[in-house]
Amino acid sequence: MIEAMKVIVTKNDLQSLSADLLLLPFSSVELKTEVEKALSAMGFGLQVLKDFKAEAGELVVLYGGGHEYSTARIALLGIGEGKTIEDWRKAAVAFASKAVDLNIEKVAVDCSGIEAISVSTGQSVSTLVAALVEGCFTGSYRFDCLKSGKLDKKSSADKSKGIAKLLLRVDSAVADEAEKGVVDGKIIGSCQKMARDMVNLPGNHLHAGDIAKAAVDSGKKYGYDVTVFHKKEIEAFGMGGLLAVNKGSHHPPTFTVLEYKPKGKANAVIALVGKGVTFDSGGISLKPSENMGEMKSDMSGAASVLGAVEAAVRLALPLHIIGFIPATDNMPGSTAQQPGDVITTYSGITVEVGNTDAEGRLILADALSYAKEKFSPDVIIDVATLTGACIVALGYAVAGLFSNSDKLADEIFQAGQQSGEKVWRMPLWDLYGEQIKSDVADVNNTGGRGAGSVTAAKFLEKFIDGHKNWAHIDIAGPSFTPKGAGKVNGGTGFGVGLLVEFLKKWS
Ligand code: BES
Ligand code: MN
Ligand code: ZN
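### Here's the deal with the coordination of the manganese ion (ligand 2)
Thought 1: Coordination sphere of the manganese ion (ligand 2), protein contribution only: Asp280 (OD), Asp357 (O), Asp357 (OD) and Glu359 (OE), at 2.1 to 2.2 Å.
Thought 2: Here the manganese ion (ligand 2) is ringed by 6 donor atoms whose angles at the metal span 72 to 168°, and the overall shape comes out irregular.
Thought 3: Each donor residue of the manganese ion (ligand 2) belongs to the same chain, with the gaps between them written as D-x76-D-x1-E.
Thought 4: The metal-metal distance between the manganese ion (ligand 2) and the zinc ion (ligand 3) is 3.2 Å, with aspartate 280 serving as a donor to both. A residue pair is termed long-range when its members are at least 10 positions apart, and aspartate 280 in strand β10 (residues 276-280) and aspartate 357 in the loop between β13 (350-352) and α10 (360-375) qualify at 77 residues.
Thought 5: Judged by its relative accessible area of 3%, aspartate 280 falls in the buried class.

This is the structure:
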C-alpha cells in the first residue's frame, strides 16, 4: 500500500523507463511549441491540443502512438503557468488521484525540465520534488480500512492498491537535490497520511487512549519520548478543564506529552498543543443532529501536532519540540458537566461554563498553562478545530490565525503560503475580552454570537500566563472537508505541512 510507496530518482532515458503511466509535465506558456514537439516525436496526432490547455492538474491520457517508450500509457500533465509551487502541487495531487482511479501502480514522471521550473517558481529542486512526492501521497489517499469489501462487486484483485512505485526522471546535475526532496516529501506525506487516518476514524474507533497509543507507537518507532498521563494523574494535576469535559464520558481522558530533543544543540524550544476531542456531541448543550457525525474530526489539532512532531523527529530538525495533547470525547449524560457550572482549571483560573459545547477551549486551557509552566518554551502554538464561527469567516480552505506577536504571525503566515496550508490573521484586541466576562467566575467560556472565533482565542490567551510568543490556529474549516465541499472528502491532515514548514524556518 501507499506507506510502502517506493520513490526512485533515475537518470535513465525516458524511453527505457518501465511504468504503467509516464507523465510529461507542461506549462501553459510552453504549450504550443513544446507539446507539439513532444506529440510529434511520439507519433501522436496534434488533435489533443484542441482540449489540453495545461491548466494546473489537467491531465490527458494518450494511448497508442508510434513511439518506442516502454510505458503502457503516456499522459500530458498541466502545471499551469509553471510559476507557483501551488500549481505544481495541484498537478501532483491530480495525477496521483487519477493513477489510483485507473488502478495504476507504477508511475513515472519526466522531471527533466525541473531546473527551469525551479527558476520560474523560485523554489529549489528539492522543494519541488518534495512537493511532488507529498502531493502523490495526498492524491492517492483513500480511507478504506473500515470497508470489509463483502458487498463489493469487484474482486479484490481489481481493486486499486495505490501507487507502489514512483519513478522520477531527472538530469544528473540535480539528481542529488532530487534525492533530498524525495526524503522530505516521503516524511511529510506519510505524516499527513497518519493524521488523516486519525481524523477519519469515527468516535467508536478512536478514543482518548487510542490517541495516546498512536503517540507512544510513533515515539517508539522514531526514538522520542512520549509520556501519557491518565485520569488519576490528570486529577492530581488539577486539570479541571479536561476533567469537566470528560465528565459525561465512559472513556477516561488522556494527556499526552511528546518530547523530542535533537542530538546536537537545540536552536529553540517549541511547544505545540493540539485539541484532541475524539467526538464532540456538544455535551448537555447538545449540537443539532444534522452532520453531527463530522464531529469525529474534532481531534484534528491533536492529529496535526502528532504528525508534525513525528515529521520533525524524522527530519532531525535542530529544535527541542514538545507536543501536548489533551484528549477526551464530549458527551451528554447524567454525569456530564452542566451549563452554568463553575470549574477550576490547572492554572487556578475559574471558568463559568456558559456552554458545554465550547469544550475545546477548556481542555486547551489546561494544556497551555501546563506547557508554559513546565517548559518555558520560546514559542507556543496551539492548533484546534475550535469554532464554527471561523468557518463562517474564512471557509473550508483557510485557517484562522491569532497571535500576540506580529513577527510570529508573519512567520506562520509565510509557512502557510509555502506549504499551501493557508492561514489568515484575525484580531485579538482587548475590546473582545468584554464578551467573555463572567459575573460568578474569572471568565466565561462563551462570548455570545458575534466574533465567535475571536472570543475563543481571547479565552485561550488568558491561560498562557503572559507568554509573549503565542499563536492559536483555528483549523475548524480546513481540517475536514464535508461531502461535496471540496475534491477530497473527510480529513485533510491540515496543519502538518504548515507546522513542519514553520519548524524548518526556526531550525
Ligand atoms: N468543535 C466545535 C467547532 C467546530 C464546528 C469544528 C464545526 C468544526 C466544524 C467546537 O467545540 C464548538 O462546538 N464550538 C462552538 C462554540 C460555541 C458554543 C461558543 C461553536 O462553534 O458553535
Ligand atoms: Mn463543541
Ligand atoms: Zn469541539
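That covers the picture; the talk isn't over yet.
### Some points on the packing of helix α3 (residues 114-121) against helix α4 (residues 125-140)
Thought 1: At a minimum axis distance of 9 Å, the contact between α3 and α4 shows a crossing angle of 100°. Considered as vectors, α3 and α4 are oriented roughly perpendicular to each other. Of the residues in α4, those in contact with Ile114, Glu115, Ile117, Ser118 and Thr121 of α3 are Val125, Leu128 and Val129.
Thought 2: Split by residue class, the contact of α3 with α4 holds 5 nonpolar, 2 polar and 1 charged.

### Concerning the site of ligand 1
Thought 1: In the vicinity of ligand 1 lie 17 residues, with Lys287, Asp298, Asp357, Glu359 and Gly388 positioned nearest.
Thought 2: Within the side chain of lysine 287, an N or O atom sits 2.8 Å from an oxygen atom of ligand 1.
Thought 3: For ligand 1, the accessible surface in isolation is 520 Å², of which the surrounding protein chains cover 77%.
Thought 4: For the shell around ligand 1, the per-class residue count stands at 5 nonpolar, 5 polar and 7 charged.

### With respect to the coordination of the zinc ion (ligand 3)
A four-donor tetrahedral metal ideally has 109.5 degree angles, and a six-donor octahedral metal ideally has angles of 90 or 180 degrees.
Thought 1: Coordination of the zinc ion (ligand 3) by the protein involves Lys275 (NZ), Asp280 (OD), Asp298 (OD) and Glu359 (OE), with metal-donor separations of 2.0 to 2.4 Å.
Thought 2: In this structure, the zinc ion (ligand 3) is surrounded by 6 donor atoms whose angles at the metal cover 78 to 175°, and the resulting shape is octahedral.
Thought 3: Mapped onto the sequence, the residues coordinating the zinc ion (ligand 3) show the spacing K-x4-D-x17-D-x60-E.

### So, the domain arrangement of the protein
Many authors give the size of an interface as the accessible area that is lost as the parts come together.
Thought 1: If you check the domain split of the protein, you get domain 1 (2-193) and domain 2 (203-506).
Thought 2: Taking only C-alpha atoms into account, the centre of domain 1 sits 36 Å from that of domain 2.
Thought 3: Taken together, the contact pairs 13 residues of domain 1 with 16 residues of domain 2.
Thought 4: Here domain 1 meets domain 2 over a buried area of about 1200 Å², counting both sides, of which 54% is carbon and sulfur.
Thought 5: Counting the surface domain 1 buries against domain 2, the share from its top three residues, Ile187, Cys191 and Gln192, is 40%.
Thought 6: Counting across the interface, domain 1 meets domain 2 through 2 salt bridges.
Thought 7: Between aspartate 184 and lysine 504 there is a salt bridge; the shortest N-O distance is 3.4 Å.
Thought 8: Between the two partners, domain 1 and domain 2, sit 6 residue pairs in polar contact (both at pLDDT 80 or more).
Thought 9: Mapped onto the side of domain 1 that touches domain 2, the elements with two or more residues apiece are α2 (85-101) and α5 (175-200).
Thought 10: Top element by residues in the side of domain 1 that touches domain 2 is α5. It accounts for 7 residues.

### Considering α4
Thought 1: For α4, which comprises 16 residues, the first-to-last C-alpha distance of 23 Å matches the rise-based estimate of 22 Å (1.5 Å per residue) to within 8%.
Thought 2: Summarising burial for α4: 14 of the 16 residues are buried, a large majority.

### Topic: the sheet that holds strand β12 (residues 342-344)
Thought 1: In spatial order, the strands read β12-β13-β17; together these 3 strands make up an open sheet with mixed pairing. Only two strands of the sheet have a single neighbouring strand rather than two, namely β12 and β17 (443-444).
Thought 2: Summarising the sheet, β12 and β13 pair through 3 bridges and their orientation is antiparallel. Note on β13: the bridge partner recorded for threonine 344 is threonine 350.

### Focus: the environment of glycine 122
Thought 1: With respect to the element layout, glycine 122 can be found in the loop between α3 and α4.
Thought 2: A relative accessible area of 64% means that glycine 122 is categorised as exposed.
Thought 3: Residues glycine 122 and arginine 449 lie 327 residues apart in sequence; the distance between their C-alpha atoms is 44 Å.

About the thresholds
- Residue positions within a chain follow its written sequence, with the count starting from 1.
- Chains and ligands are labelled sequentially in the order written, the chains with letters from A and the ligands with numbers from 1.
- In keeping with the predicted nature of the model, local features appear solely for residues at pLDDT of at least 70, side-chain atom pairs appear and are counted solely at 80 or more, and the whole-chain, interface and lining totals rest on all residues.
- Hydrogen atoms and water are omitted, and side-chain values are computed over all heavy atoms in the structure.
- As a rule, N, O and S atoms within 2.8 Å of a metal are its donors, except that Na, K and Ca use 3.2 Å; water is not among the atoms, so sites may look incomplete.
- Tetrahedral means four donors with every angle between 85 and 135 degrees, whereas square planar (four donors) and octahedral (six donors) require angles over 155 degrees between opposite donors and between 65 and 115 for all others; sites fitting neither are termed irregular.
- Here a strand is any run of E in DSSP of at least two residues, a helix any run of H or I of at least four, and the numbering for each starts at the N terminus.
- Between buried and exposed lies partly exposed: a residue is buried under 20% and exposed over 50% of the maximum accessible area for its type, with that area taken using a 1.4 Å probe on protein chains only.
- In this analysis an axis means a line fitted to C-alpha atoms, helices contributing only their contacting stretch, and an angle means the value between N-to-C directions, from 0 to 180 degrees.
- An angle counts as roughly parallel when it lies under 35 degrees, as roughly antiparallel when it exceeds 145, as roughly perpendicular when it falls between 65 and 115, and as oblique in every other case.
- What makes two residues a contact is simply this: any of their non-hydrogen atoms within 4.5 Å.
- Nonpolar residues are Ala, Val, Leu, Ile, Met, Phe, Trp, Tyr, Cys and Pro. Charged residues are Asp, Glu, Lys and Arg, and all others, Gly as well, are polar.
- When we say a residue is near a molecule or strand, we mean one of its heavy atoms is within 4 Å of it.
- Think of a polar contact as two N or O atoms within 3.5 Å of one another; within protein, one of them needs to be a possible hydrogen donor and the other a possible acceptor, and neighboring residues in sequence only count if both atoms come from side chains.
- With residues, only the protein chains shown are counted as cover, and all accessible areas are computed by Shrake-Rupley using a 1.4 Å probe.
- Throughout the structure description, domain borders are defined by an automatic or database domain assignment.
- Joining two parts hides part of their accessible area as seen by a 1.4 Å probe, and the buried area is that hidden amount summed over both.
- Salt bridges, as used here, are contacts in which a Lys or Arg side-chain nitrogen is within 4 Å of a carboxyl oxygen on Asp or Glu.
- Expected helix span is taken as 1.5 Å per residue step, with the number of steps being one fewer than the number of residues.
- For two strands to pair, DSSP has to find at least two bridges joining them.

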